[in-house]
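# Structural overview
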Amino acid sequence: MTEYVIRGGKPLHGEIEISGAKNAAVAIIPAALLVDGPCRIENIPQVSDVTLLLKILREMGADVRTVNKHTMEIDCSGVRPGSEPTELMGSIRASYYFIGSMLGKFGTARSAMPGGCDFGVRPIDQHVKGFTAMGAEVDVRDGLILAHTGPEGLVGTRIYLDVVSVGATMNIMLAAVRAKGRTVIENAAKEPHIVDLANFLNSMGADVKGAGTSIIKINGVEHMRGGTYSIIPDQIEAGTYLAAVAAAGGEVLIKNVIPKHLECITAKLVEMGVEIEERGDAVLVRRTKPLRSTNVKATPYPGFPTDMQPQITTVLSLAEGTSVVTEEVWDDRFRYVSQLSRMGANIHVEGKVAVVQGVKALRSATVRACDLRAGAAMVIAGLSAEGVTHVENIYYIERGYERLVEKLRDVGAEIALVTETEDPSDKVEVLA
Ligand code: EPU
């Protein structure tokens with residue numbers, strides 16, 4: 001078993017460089033399929049979700065060349081319809097973006113029902129609604145999604161999303177960029193990675209307007225030339241380190257960020273008594289005083305991100321007074337609370353609302369990551385707690401955080417990745 005072992009209770013000091021945005025990369029990699037010829041993508045985060053998507057692309061016949069650690073040159077000219085490795089696709093949620101891009105390019109696509117973190121029901125009806133409105137036939141049976149168009153291919157139309165969905169917005173964009181005519185997505189999601197996908201597509205020759213607003217207009221194009229594109233910094237990775245400093249104390253410069261994307265997070269931290277200073281493309285975070293309680297509602301962008309909800313709840317568990325955290329995106333995203341309670345947090349969950357009664361300190365324990373962001377929350381809790389915390393199931397965390405251990409060690413955290421051997425004293429050695 002591999003786990004993180006953290007000796008917490010130590011403030012963090014120094015600098016952390018943020019990687020490229022995971023949730024932008026997982027859409028941009030399948031988007032490369034739409035490009036005629038090679039494209040170069042920079043600032044790709046080295047996380048396991050990305051590795052898996054690149055593997056899927058390679059198995060489909062794409063030529064994926066590593067230029068350097070964070071830059072790939074991808075040429076999808078060799079990809080043929082029907083080449084999707086459906087079993088592999090079932091293990092990652094973002095594989096559903098291949099449906100949009102394969103439909104857009106070849107008029108046919110297939111995938112397994114997507115996997116990913118479990119926050120209750122995760123339907124894809126809005127994706128299907130979009131593809132169907134554009135003239136595709138979509139069948140979901142025996143765990144497979146099969147989609148195809150008639151001989152006329154996809155035809156642009158007006159699509160109103162019944163729920164604000166990041167995945168459906170991006171998937172419909174992917175299908176629409178090479179469709180005939182104009183597609184209008186109404187009630188679209190506005191997250192920074194939606195804008196990033198639109199910028200990638202436009203830099204390759206697509207015609208997408210309005211990304212970042214609730215109405216996105218896409219004029220289909222016949223060809224998409226290659227080009228070079230650099231992925232934006234990861235808003236959630238940056239937010240996670242901001243939360244880590246808020247919980248553990250100290251002063252850290254978070255580098256390579258877009259401060260505007262962090263405002264929904266930093267505004268809450270400031271309410272809690274954390275000091276934040278914007279410095280160009282960096283943000284300085286300092287926590288010297290006790291934390292104050294506040295209320296947080298996780299909603300689509302520009303609201304507070306659901307992907308930061310477990311991390312902020314962990315910080316609030318250390319704040320004086322009572323805080324109320326409301327989750328408005330996912331039905332079941334408080335499962336990690338039982339793990340935090342093992343560390344002494346006082347949180348009462350009622351459906352999609354958590355009432356957090358702050359405690360003076362968390363105590364070390366053995367806990368597990370229930371999903372990616374819940375795992376990050378356990379790391380934050382471990383950094384704040386005196387003693388040695390063990391975080392298990394860390395493969396979830398590795399899906400979305402590049403070199404987490406190294407980055408935290410650089411700011412003075414005592415954290416180690418430990419693979420258990422027969423000799424349990426190994427763990428102590430790594431931390432010493
Ligand atoms: N929904 C529907 N029907 C659909 C699609 C979504 O009812 O067809 C509902 C969902 O059940 C949910 C809400 O709409 O209640 C929002 O879901 P959304 O489609 O926005 O989520 P997603 O695209 O599946 C992405 C991120 C998640 C992040 C959400 C919300 C990726 C690969 N995943 O998921 O990220 O929580 O948007 O911002 O981009 C993470 O990174 O840890 C993560 C889970």
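Okay, so let's go over this structure. (Residues numbered from 1 in each chain as written. Predicted model: local features only at pLDDT ≥ 70, side-chain atom pairs only at ≥ 80, totals over all residues. Heavy atoms only, no water.)

## Comments concerning the overall build of the protein
Across its full length, the protein carries 15 helices and 23 strands. Against the globule reference of 22 Å for 432 residues, the protein gives a C-alpha radius of gyration of 22 Å, in line with a compact fold. Across its three principal axes, the protein shows a C-alpha extent of roughly 65 × 45 × 45 Å. Taking all 432 residues of the protein together, the buried fraction comes to 57%. The long-range share in the protein, meaning contacts at least 24 apart out of those at least 6 apart in sequence, stands at 72%. (Helix = DSSP H or I, 4+ residues; strand = E, 2+ residues; numbered from the N terminus. Rg over C-alpha atoms; globule rule 2.2 N^0.38 Å. Buried < 20%, exposed > 50% of the residue type's maximum accessible area, 1.4 Å probe, protein only. Contact = heavy atoms within 4.5 Å.)

## A few points about the layout of surface pockets
The space that makes up the largest pocket amounts to roughly 990 Å³. Contributing to the lining of the largest pocket are 47 residues, with R122, V166, G167, V329 and W330 lying nearest its centre. Only α1 (22–31), α5 (125–133), α6 (166–176), α8 (235–248) and α12 (372–384) provide two or more residues apiece to the lining of the largest pocket. It is α6 that contributes the most residues to the lining of the largest pocket, four residues altogether. Looking at the lining of the largest pocket, its residues break down into 23 nonpolar, 11 polar and 13 charged. Composition of the lining of the largest pocket by domain shows at least three residues from each of domain 1 (2–19 + 233–429) and domain 2 (22–230). Reported here for the second largest pocket is a volume of approximately 350 Å³. Per-class residue counts for the lining of the second largest pocket are nine nonpolar, three polar and four charged. (1 Å grid on protein atoms, 1.4 Å probe; cavity = no way out; pocket = protein on both sides within 12 Å on 5 of 7 lines; lining within 4 Å. Points joined across faces, edges and corners; volume = space filled by probe spheres on them. Nonpolar A, V, L, I, M, F, W, Y, C, P; charged D, E, K, R; others polar. Domains from an automatic or database assignment.)

## Concerning the site of the ligand
In the vicinity of the ligand lie 25 residues, with Q126, S165, V166, D307 and V329 positioned nearest. Contacts to the ligand include D125, whose side-chain N or O atom sits 2.8 Å from a nitrogen atom. Relative to its free-state accessible area of 820 Å², the ligand is covered by the protein chains to the extent of 90%. Taken atom by atom, the bulk of the ligand overlaps the largest pocket. (Near = heavy atom within 4 Å. Polar contact = N/O pair within 3.5 Å; in protein donor to acceptor, adjacent residues only side chain to side chain. Areas by Shrake-Rupley, 256 points an atom, 1.4 Å probe, with all protein chains shown as cover. Sits in = over half its atoms within 2 Å of the grid points.)

## Points about the sheet that holds strand β2 (residues 12–17)
Taken in spatial order, the four strands line up as β2-β14-β16-β15 in an open sheet, and their pairing is mixed. Each edge of the open sheet is held by one strand with a lone partner, namely β2 and β15 (275–279). Strand after strand, the sheet turns through a mean of 15° between neighbouring axes, direction not considered. Pairing analysis gives six bridges linking β2 to strand β14 (residues 250–255), with the strands arranged parallel. (Pairing = 2+ DSSP bridges. Axes fitted to C-alpha atoms, helices over the stretch in contact; angles between N-to-C directions.)

## Some points on the packing of aromatic side chains
Each aromatic ring pair is specified by the distance between its two centres and by the angle formed by the two planes. This model, assessed by the stated rule, comprises four aromatic pairs. Relative to Y229, the ring of F200 lies with its centre 5.8 Å away and its plane at 80°, an arrangement referred to as edge-to-face. You can see F200 sitting in helix α7 (residues 192–203) and its partner Y229 sitting in strand β13 (residues 228–230), a full 29 residues away along the chain. What makes F200 buried here is its relative accessible area of 0%. When the centroid spacing of 6.3 Å and the interplanar angle of 40° are considered together, the rings of F334 and Y336 count as tilted. Take F334: its relative accessible area is 6%, and that puts it in the buried class. Overall, Y336 belongs to the buried group, its relative accessible area being 1%. (Phe/Tyr/Trp six-rings, centres within 6.5 Å; stacked < 30°, edge-to-face > 60°.)

## Considerations on the environment of I99
You can see I99 is positioned in helix α4 (residues 97–106). For the pair formed by I99 and I145, sequence separation is 46 residues and the distance between their alpha carbons is 8.5 Å. If sequence neighbours within four positions are ignored, I99 has contacts with A109, S111, F131, I145, A147 and N171.

## Some thoughts on unusual backbone geometry
The residue after Y301, namely P302, is reached through a cis peptide bond having omega 10°. Note on placement: P302 falls in the loop between β17 (296–298) and α10 (309–316). With phi around 50°, D142 is a residue other than glycine that occupies positive phi space. The residue N256 is not glycine, and still its phi comes out positive at about 60°. Its place among the elements puts N256 in the loop between β14 and α9 (259–271).

## Focus on the sheet that holds strand β19 (residues 346–350)
With respect to topology, four strands assemble into an open sheet ordered β17-β18-β20-β19, the strand pairing being mixed. Only two strands of the sheet have a single neighbouring strand rather than two, namely β17 and β19. The sheet shows a mean angle of 15° between the axes of neighbouring strands, taken without regard to direction. The sheet contact formed by strand β18 (residues 322–327) and strand β20 (residues 353–357) spans five bridges and is antiparallel. Bridging from a neighbouring strand, T322 pairs with Q357 of β20. Of the strands in this sheet, β17, β18, β19 and β20 touch α10, which is tilted by about 170° from β18.

## A word on the side chain of Q311
Its place among the elements puts Q311 in helix α10. Since its relative accessible area comes to 0%, Q311 is described here as buried. In contact with Q311, other than residues within four places in its own chain, are I236, T240, A243, R373, A376, A377, I380 and Y401.

## Re α8
Taking 1.5 Å per residue as the helical rise, α8 with its 14 residues ought to reach 20 Å, and the 20 Å between its terminal C-alpha atoms agrees with that figure. Judged by how many residues are buried, α8 sits mostly within the fold: 14 of 14 residues are covered. N-capping of α8 is provided by D234, with a side-chain oxygen placed 2.9 Å from the backbone N of I236. One or two steps after α8, the chain reaches G249, where phi turns positive at roughly 85°. (Expected span 1.5 Å × (residues − 1).)

Interpretation in functional terms is not warranted from these geometric data alone.
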